[in-house]
Amino acid sequence: MMQMETTVIISTLFRLAKVFDDMGKLLFKAHLDVPLTFDRAQSQALLRRNNRLEFSYQQLKTSKIKLLNQLLATAGADPYLWAKLRRLQALDVASLAAVQANPQFNRQRKINRLKQLIINLQNEKINESTVLTKQALAYLYHIAPDKVAATSKPGPILADPFDSRAFKMDMMALNYLDQYFNVQELQYYVKYLVFIHAHQAAEAVIHYDARTVLPNAEQTGFSAVAYYVTLNRQSYTYISYKGTEGTMDDPRIKSFTQRLDNYVRESYQDWKYNIDAMLIGNTENDEQLQLARRFTRYVVRRVRRINPATIIYGLGHSLGGHFVQTVQLLDEPFDGGYTLNAAPVQLKQIKHYRPDLLSASKWQQLFALTKHNNTQDPAVAMQVHAILGHNYATIENEWFIKDLTRIYFGFPYTFYIGTARYLNAKNWHYPFVTDVAPYLRKDEIQAYSQFWGNLIRYLKRVETRNGSLMLASLMTYGLQTLREVYAAIKTEQAQQIFAAYARYLYDAHIFKDTPVQVQANFERELSRPRTALRVLQGEWPFLKSVNNEMVETVIFFHTIEGAQYFTR
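Below or above, wherever it landed, is the structure these notes cover. Remember, predicted model here, so these are calculated numbers, not experimental data.

This brings us to the nonpolar core. In this structure, Phe222, Phe295 and Phe432 are the most contacted members of the largest nonpolar core, which totals 148 residues. By residue number, the principal contributor to this core is helix 1 (residues 3-32), which donates 13 residues. Each residue touching Phe432, except ones within four places of it in the same chain, is listed here: Lys402, Leu404, Ile407, Tyr504, Ala508, Ile510, Met550 and Val554.

This is the structure we're talking about:
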């Protein structure tokens, strides 16, 4: 490539990356408006919002196509850039075809317009498109760093990239995007992230992958990576633990059946740990924690041999945040850490592995304190840290103020370490409820935990590498359990529990129907035999009560893709 062409390509790629970032923000804004669809009084506000959002999307779509065409016209001489741009072009063609061939909603009601906009933005494959654009920039930064530096947006020079929140977000997001990278691309990409966020040049990057280092990591569902980065004769090590978030979009696997099998097995392994180990505290299913500790020790030993003064950070989202806090509490390997929407620490696990951490009386105090209290209550959290004798202030935790993981802190013996900051959007009402205490008594919460524990024990008996069979087993267990509940629902106690939980789901907008309607549907439908196939086809009025838009929104705001845009 000629020097002028290279500069133009770099500038155009930066503009394209900005378009995809703006699309991500637009998807976030569209999800902020989903609660407006639940309230008819807000219909006029929704109409105005739809018009603005749709206009913004069309502007971004037009800009994306224009920039991509410019790049395709100038970057054909470089095979690597050409391959990335052709993939971007294929994604753009697919997004247009998806809307033209089969629009999801034919009636242009205000609610449907918002739903269609969200679907259109999801069809843009923003995450993959962003990765492809930044991979091209990372490649150019490797071969022409001065040109990239001259074209990039200036910013403050940071001695430590960890001081940048955006850097931490991008490093955690890599855990969910590894299917788009080879090892060399990862090294180029991390160097590029250091430059963009710290405005300094990383001299070297060494990459460690738990699934390469630990032979049984993939089998248990555990996933983590580490990056050793040298910068101005100082080194930093970032150990990043992946959360509970499987994917069906893995370009390395061509077969849909195999992608489904991998997705179901990965999700099952994570949820097996989430429920049985993290929530209930059974240590026989905590292989992932054991592997998290082993991988951390392996990385720490390796990087300390290279540079004993390296600064080591832990990073984690969701389940990954649980590992950062738990490993720090057990082994203290980190000089600092950051978590986003972290699942809680389980006290039973800590005592099992480190009974020497506290005296007998302090263990007793901590178990008593965390048994019936929500440990995200600031007063309770202060008491927890006082008993521990250490506040672990170098671990910084952020939660979306109504993130679904905050429900877990109402379960017995769960807590967090480090600092807590809660994120939200300005002037916005979000009806999801994260505190189940007003709805369920402590013994009822225990019964709820037991249901999921029994599910895990059932699935362990039928574990297989065939994800479709595991999915069928899950449905079979669900049907059996629902029929057992139907048999007991006639008792006054069972009716009270069912009504209380249905009221919670209704108030949280997970159910569209009132508890009375839900219970009536439940009793009517469970009195007749149903097959798993008919359940999956959505032929139960009981299941049709589910507010799918709210469920999708709750999940979106939990992911890095959504949560990163909330403000402090």
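Let us keep going from here.
Here the focus is the packing of helix 12 (residues 287-306) against helix 13 (residues 319-331). Running from N to C, helix 12 and helix 13 cross one another at 65°; their axes reach a closest spacing of 10 Å. Taken together, helix 12 and helix 13 sit at an angle that is classed as roughly perpendicular. Note on packing geometry: the crossing formed by helix 12 with helix 13 is right-handed. Contact with helix 12, carried on its side by Gln288, Leu289, Ala292, Arg293, Thr296 and Arg297, involves Leu319, Phe323, Thr326, Val327, Leu330 and Asp331 of helix 13 and no other residues of that element. Here the contact of helix 12 with helix 13 is composed, by residue class, of 6 nonpolar, 3 polar and 3 charged.

In this structure, Asn341 takes a positive phi of about 50° despite not being glycine. Inspection of the secondary structure puts Asn341 in the loop between strand 5 (336-340) and strand 6 (345-346). When its relative accessible area of 0% is taken as the criterion, Asn341 is described as buried. With phi around 65°, His509 is a residue other than glycine that occupies positive phi space. Mapped onto the secondary structure, His509 falls in the loop between helix 19 (492-507) and helix 20 (515-526).

Scanning the entire structure with this criterion turns up 21 salt bridges. Here Glu124 makes a salt bridge to Lys64, at a shortest N to O gap of 2.5 Å. With Glu124 in the loop between helix 4 (110-123) and helix 5 (126-143) and Lys64 in helix 2 (residues 43-74), this pair connects stretches of sequence that are 60 residues apart. A relative accessible area of 3% places Lys64 in the buried class. Residues participating in the shared-partner salt-bridge network are Arg165, Lys168, Glu396, Glu398, Arg421 and Arg568.

Structurally, Gln59 can be placed in helix 2. Residue Gln59 is classed as partly exposed on the basis of its relative accessible area of 44%. Linking Gln59 and Val19, residues 40 residues apart in sequence, is a C-alpha distance of 9.6 Å.

Attention shifts here to the sheet that holds strand 3 (residues 234-241). Read across the open sheet, the 7 strands follow the order 1-2-3-4-5-7-9; overall the sheet is mixed. The sheet terminates laterally at strand 1 (204-209) and strand 9 (419-423), the two strands that pair on one side only. Taken pair by pair, the neighbouring strands of this sheet meet at an average axis angle of 15°, ignoring direction. Those strands touched by helix 12 are strand 1, strand 2 (224-231), strand 3 and strand 4 (311-317), and its axis lies near 155° from that of strand 1.

Here the structure, examined in full by the defined rule, presents 33 aromatic pairs. Feature note: the residues Phe28, Phe400, Trp428, Tyr430, Phe432, Phe556, Phe557, Tyr565 and Phe566 constitute an aromatic cluster, connected by ring pairs. The cationic tip of Lys168 hangs over the ring face of Phe162; the distance from NZ or CZ to the ring centre is 4.8 Å.

Right, let's get into the environment of Leu137. In this structure, Leu137 sits in helix 5. We classify Leu137 as buried; its relative accessible area is 0%. C-alpha of Leu137 to C-alpha of Tyr188: the two residues are 51 residues apart in sequence and 9.4 Å apart in space. Beyond its immediate chain neighbours, meaning those up to four positions away, Leu137 contacts Ile10, Leu13, Phe14, Val148 and Tyr192.

The next subject is the packing of helix 15 (residues 360-372) against helix 16 (residues 378-388). Contact pair helix 15 / helix 16: the axes reach a minimum separation of 10 Å and the direction vectors enclose 165°. Of the possible angle classes, the one that applies to helix 15 and helix 16 is roughly antiparallel. Like other packed secondary-structure pairs, helix 15 and helix 16 cross with a definite hand, here left-handed. In this structure, helix 15 contributes Lys362, Gln365, Leu366, Leu369 and Thr370 to the contact, and helix 16 contributes Val380, Gln383, Val384, Ile387 and Leu388. Broken down by class, the residue content of the contact of helix 15 with helix 16 amounts to 6 nonpolar, 3 polar and 1 charged.

With that settled, consider the side chain of His317. Mapping His317 onto the fold places it in strand 4. In terms of polar contacts, His317 uses its side chain to reach the side chain of Tyr176, at 2.7 Å.

Three or more residues of helix 15 are buried, namely Trp363, Leu366, Leu369 and Thr370. Each buried residue of helix 15 sits inside an arc of 135° when the element is viewed along its axis, so together they form one side. For helix 15, exposure combined with an orientation more than 90 degrees from the buried face picks out Ala360, Gln364 and Ala368.

About the cut-offs
- Along each chain, numbering runs from 1 in the same order as the chain's sequence is written.
- Only residues with pLDDT of 70 or above have their local features reported here, since the model is predicted, and side-chain atom pairs are shown and tallied only from 80 upward, although totals for entire chains, interfaces and linings are computed over all residues.
- Side-chain numbers come from the whole structure's heavy atoms, not from hydrogens or water.
- Put simply, buried Ala, Val, Leu, Ile, Met, Phe, Trp, Tyr and Cys residues joined by side-chain atoms within 4.5 Å make one nonpolar core.
- Buried means the residue's accessible area, taken with a 1.4 Å probe over protein chains only, is under 20% of the maximum for its type, while exposed means over 50%, and partly exposed covers the values in between.
- Strands are runs of DSSP state E lasting at least two residues, helices are runs of H or I lasting at least four, and both sets are numbered from the N terminus onward.
- Whether two residues are in contact is decided by their heavy atoms: any pair within 4.5 Å suffices.
- Each axis is a line fitted through C-alpha atoms, and for a helix only the stretch in contact is used; angles between axes span 0 to 180 degrees, taken between their N-to-C directions.
- Put simply, angles under 35 degrees are roughly parallel, angles over 145 are roughly antiparallel, angles from 65 to 115 are roughly perpendicular, and the rest are oblique.
- Put simply, a crossing is left-handed when the front helix is turned counterclockwise from the back one by less than a right angle, and right-handed when it is turned clockwise.
- Note on residue categories: nonpolar means Ala, Val, Leu, Ile, Met, Phe, Trp, Tyr, Cys or Pro, charged means Asp, Glu, Lys or Arg, and polar means any other residue, Gly included.
- The term salt bridge refers to a pairing of a side-chain nitrogen on Lys or Arg with a carboxyl oxygen on Asp or Glu at a separation within 4 Å.
- Following DSSP output, two strands are said to pair if at least two bridges run between them.
- Between 30 and 60 degrees the pair is tilted, below 30 it is stacked and above 60 it is edge-to-face, where a pair is any two Phe, Tyr or Trp rings, Trp via its six-membered ring, whose centres lie within 6.5 Å.
- The rule for a charge over a ring is simple: NZ of Lys or CZ of Arg within 6 Å of the ring centre, and within 35 degrees of the ring normal.
- Any pair of nitrogen or oxygen atoms within 3.5 Å is treated as a polar contact; in protein, a donor-acceptor pairing is required on top of that, and neighbouring residues in sequence qualify only through side-chain atoms on both sides.
- Each C-beta atom gives one direction from the helix axis, and the arc is the one those directions make.

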